[in-house]
Amino acid sequence: MSSPAALLPINQVLRARHALKRETFQTSRLLDFCSERELVKQIGHPVDRWPLVILKELLDNAIDAAEEVGTAPVIRVEVTDKAIVIFDNGPGIPAETISGILNFSVRISSREAYCSPTRGAQGNALKTVVAMPFALDGTEGETLIESRGTAHRISFKVDQVRQEPKITLIRDVSTVRKGTRITVGSFLQMAEDFGWLNPQLSLSVSWSGKRCIDYKASNLTWSKWCPSDPTSPHWYDEARLRRLMGAYIARDQDHGRDPRTVREFISEFRGLSGSAKQKLVLAEVGAARLLLSEFFGNGDRVNNDRIATLLAAMQRQSRAVKPEDLGLIGKDHLAARFKAAGADLQTFRYRRNFGETDGVPDVIETAFGWCPDGANERRIITGVNWSPAIGSPFRSLGAYGKSLDSILTEQRSGHDEPIVFVLHLARPRIEFTDHGKTAVVIPGSCEEEDADYDDGGDDE
């Protein structure tokens, strides 16, 4: 009988003969938008909250688009057992933007590179909305976008061999010529929250043919900092200005445009549209006749010292924006919403705080009211830059280091108390901790102890 030592070489031979020769496979990262698990990571919310995500992202886009052309937004939402359909009165989504949405290898955003108090900034909202029906169905998802007289029917599948999205876009004639209508195959409190934070918004929601919400604008002339308003040099740091410069240079190159000059670049900022100011900035940095690409550097050799000098000069030659210029929801609008919600206006309290951190202004508005005839539950409306949050994004407030929920509970305003509480933050630079924008770092947190605040509250 053979000994174990004698069998060892035979085992090694057999193992070598049947050894697995591993291959190195390449998997497309585009599938990050194709499965429930990956979309949950992108969105920051579980599947049962996806209808809220769809509503939030599409209403954000619709309101921004209307504001950008100076129109008070009028939006209609229809929900059936098969679809969420959203109509708006904005200028409509251009065909080239829809084509960009379907390129899952890049982010498409007119907000991401700028520092301004706008609702959306990450460039993946519509991509995730288009992918959601497929992720839920597993075989095929369909989204219909109707805008400017064209119907864009998007079919979303996955090439199971190559493991990458397979997208078909068919265009046809649409009766929608003004605004945009988006239908997503696949939510009333979230819709209501938009009405709380946007005084200029008219919004109706129908569910299976029944009108559930019909908000009329409380102030058609209400104003805030709009997406079309120039951004302030004081809202940027060196990294953010470098990002914006690079984005402009890349877009000019990709679209075959004449390269812009440094002067043209700085003319788009608030306080620097006049030629006198531009000359002072250009003389200080020695860029009177330079193209932006020449000033920036090329490839991976960026001239960071020049960019820092330019930013400092732009900030010196322009005034910082006052917090109140960002816009206020206002006491009157919120009082009307509290009254409609059944609050006792004798208990209504409203406060506003104007603050500034490193030249970046912010406005924090809070409101409270007790609902004597309401259900035994607390109602909280939170939002950032006039966009309501899905759940509270304020998980570490100021020097307290506590969540909003914890603070309210300590103030005898727990989950079972019939109260309404509103907390809204307006700020040009928002630091989100995730793609889903579910949590923010706000001024006055432990990381920003030097924040300077001026209480402008109306109530004690």
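Conventions used here
For every chain, the first residue of the written sequence is number 1, and numbering continues from 1 onward in sequence order. Where local features are concerned, this predicted model is filtered to residues with pLDDT of at least 70; where side-chain atom pairs are given and counted, the filter is 80 or more; whole-chain, interface and lining totals use all residues. Excluded from the side-chain calculation are hydrogens and water; included are all heavy atoms of the structure. Secondary structure elements are taken from DSSP: a helix is a run of H or I of four residues or more, a strand is a run of E of two residues or more, and numbering for both begins at the N terminus. Buried means the residue's accessible area, taken with a 1.4 Å probe over protein chains only, is under 20% of the maximum for its type, while exposed means over 50%, and partly exposed covers the values in between. Each accessible area is a Shrake-Rupley estimate made with a 1.4 Å probe; only the visible protein chains count as cover when residues are assessed. For this document, the term salt bridge refers to a Lys or Arg side-chain nitrogen within 4 Å of an Asp or Glu carboxyl oxygen. Each residue carries a pLDDT value, the predictor's own confidence for that position, ranging from 0 to 100. Contacts are assigned to residue pairs that have any heavy atoms within 4.5 Å of one another. Buried residues of nine kinds, namely Ala, Val, Leu, Ile, Met, Phe, Trp, Tyr and Cys, make up a nonpolar core once their side-chain atoms join them within 4.5 Å. To estimate the expected span of a helix, subtract one from its residue number and multiply by 1.5 Å. To be clear, the arc concerns the directions from the helix axis to the C-beta atoms. At least two bridges found by DSSP between two strands is the condition for calling them paired. Fitted lines through C-alpha atoms serve as axes, helices being fitted only where they are in contact, and the angles separating the N-to-C directions of these axes extend from 0 to 180 degrees. Aromatic pairing here means that ring centres of Phe, Tyr or Trp (its six-membered ring) are within 6.5 Å. Orientation follows from the plane angle: under 30 degrees is stacked, over 60 is edge-to-face, and everything else is tilted. Both a distance and an angle decide whether a charge sits over a ring: NZ of Lys or CZ of Arg must be within 6 Å of the ring centre and within 35 degrees of the ring normal.

1. Concerning the overall build of the chain
Within the chain, the secondary structure is distributed over 13 helices and 18 strands. Here the chain holds 460 residues, and 47% of them are scored as buried. Counting only carbon and sulfur atoms, one obtains 48% of the accessible surface of the chain, whose full area is about 23600 Å².

2. Considerations on the pattern of salt bridges
Scanning the model with the defined rule gives 14 salt bridges in all. For aspartate 193, the salt bridge identified is with arginine 379, shortest N-O distance 2.9 Å. Taken together, the residues span a long stretch of sequence, with aspartate 193 in helix α6 (residues 188-197) and arginine 379 in strand β13 (residues 379-384) at a distance of 186 residues. For aspartate 193, a relative accessible area of 4% gives the class buried. Three or more residues joined by partner-sharing salt bridges are found here, namely Asp64, Glu67, Arg119 and Lys224.

3. Some details on the confidence of the model for the chain
Averaged over every residue, the pLDDT of the chain is 81; residues scoring 70 or more account for 78%. Every residue in residues 445-456 scores below 50 in pLDDT, and together they form 30 contacts with partners more than four places removed in sequence or on other chains.

4. Quick notes on the environment of valine 302
Mapped onto the elements, valine 302 comes out in strand β10 (residues 301-302). Each C-alpha atom, one on valine 302 and one on arginine 242, is 8.8 Å from the other, the two residues being 60 residues apart in sequence. Among residues more than four places away in sequence, those in contact with valine 302 are Arg242, Phe296 and Ile307.

5. Describing the nonpolar core
Val77 and Phe265 are the most contacted members of the largest nonpolar core, which totals 89 residues. When residues of this core are assigned to their parent elements, the largest contribution, eight residues, is made by helix α3 (residues 50-68). Setting aside its immediate chain neighbours within four residues, phenylalanine 265 contacts Leu241, Leu244, Met245, Tyr248, Leu292 and Leu310. In terms of nonpolar packing, the next biggest core, distinct from the first, is built from eleven residues, Ile364, Phe394, Leu404 and Val440 among them.

6. Comments concerning helix α11 (residues 304-316)
For α11, which comprises 13 residues, the first-to-last C-alpha distance of 18 Å matches the rise-based estimate of 18 Å (1.5 Å per residue) to within 8%. Among the residues of α11, Ile307, Leu310, Leu311, Ala313 and Met314 are the ones counted as buried. The buried residues of α11 all sit within an arc of 165° when viewed along its axis, so they share a single face. Residues of α11 that are exposed and angled more than 90 degrees away from the buried face: Asp305 and Arg316.

7. A short note on unusual backbone geometry
Phi is positive for aspartate 358, close to 55°, though the residue is something other than glycine. With a relative accessible area of 60%, aspartate 358 lands in the exposed category. With phi around 65°, tryptophan 386 is a residue other than glycine that occupies positive phi space. Along the chain, tryptophan 386 falls in the loop between β13 and β14 (387-388).

8. Remarks on the pairing of strand β2 (residues 83-88)
For β2, the buried fraction is high: six of the six residues fall into the buried class. What you see with β2 is no split at all: Ala83, Val85 and Phe87 on one side and Ile84, Ile86 and Asp88 on the other are buried throughout. Two strands pair when backbone bridges link them, and strand β1 (residues 74-79) and β2 are joined in this way by five bridges, in the antiparallel orientation. Its bridge partner lying in β2, valine 77 is registered against isoleucine 86. Between the end of β1 and the start of β2, which pair antiparallel, lie three residues.

9. As for the environment of isoleucine 54
Mapped onto the elements of the fold, isoleucine 54 is located in helix α3. With relative accessibility at 2%, the residue isoleucine 54 sits in the buried group. For the pair formed by isoleucine 54 and alanine 125, sequence separation is 71 residues and the distance between their alpha carbons is 8.5 Å.

10. A few points about the packing of α6 against helix α12 (residues 331-340)
At a minimum axis distance of 9 Å, the contact between α6 and α12 shows a crossing angle of 145°. Across from Gly195, Trp196 and Leu197 in α6, the residues of α12 making contact are His333, Leu334, Arg337 and Phe338.

11. Comments concerning the packing of aromatic side chains
Evaluation of the coordinates by the stated rule reveals eight aromatic pairs. Seen from their ring centres, tryptophan 196 and phenylalanine 338 are 5.2 Å apart, and the 75° between their planes marks the pair as edge-to-face. You can see tryptophan 196 sitting in helix α6 and its partner phenylalanine 338 sitting in helix α12, a full 142 residues away along the chain. Across this residue pair, the class does not change: tryptophan 196 and phenylalanine 338 are buried. An aromatic cluster of at least three residues, connected via ring pairs, comprises Tyr114, Tyr236, Tyr248, Phe265 and Phe269. Over the aromatic face of phenylalanine 87 sits the side chain of arginine 76, whose NZ or CZ is 3.9 Å from the ring centroid. One cation-aromatic arrangement involves arginine 337 over tyrosine 215; the distance from NZ or CZ to the ring centre is 4.1 Å.

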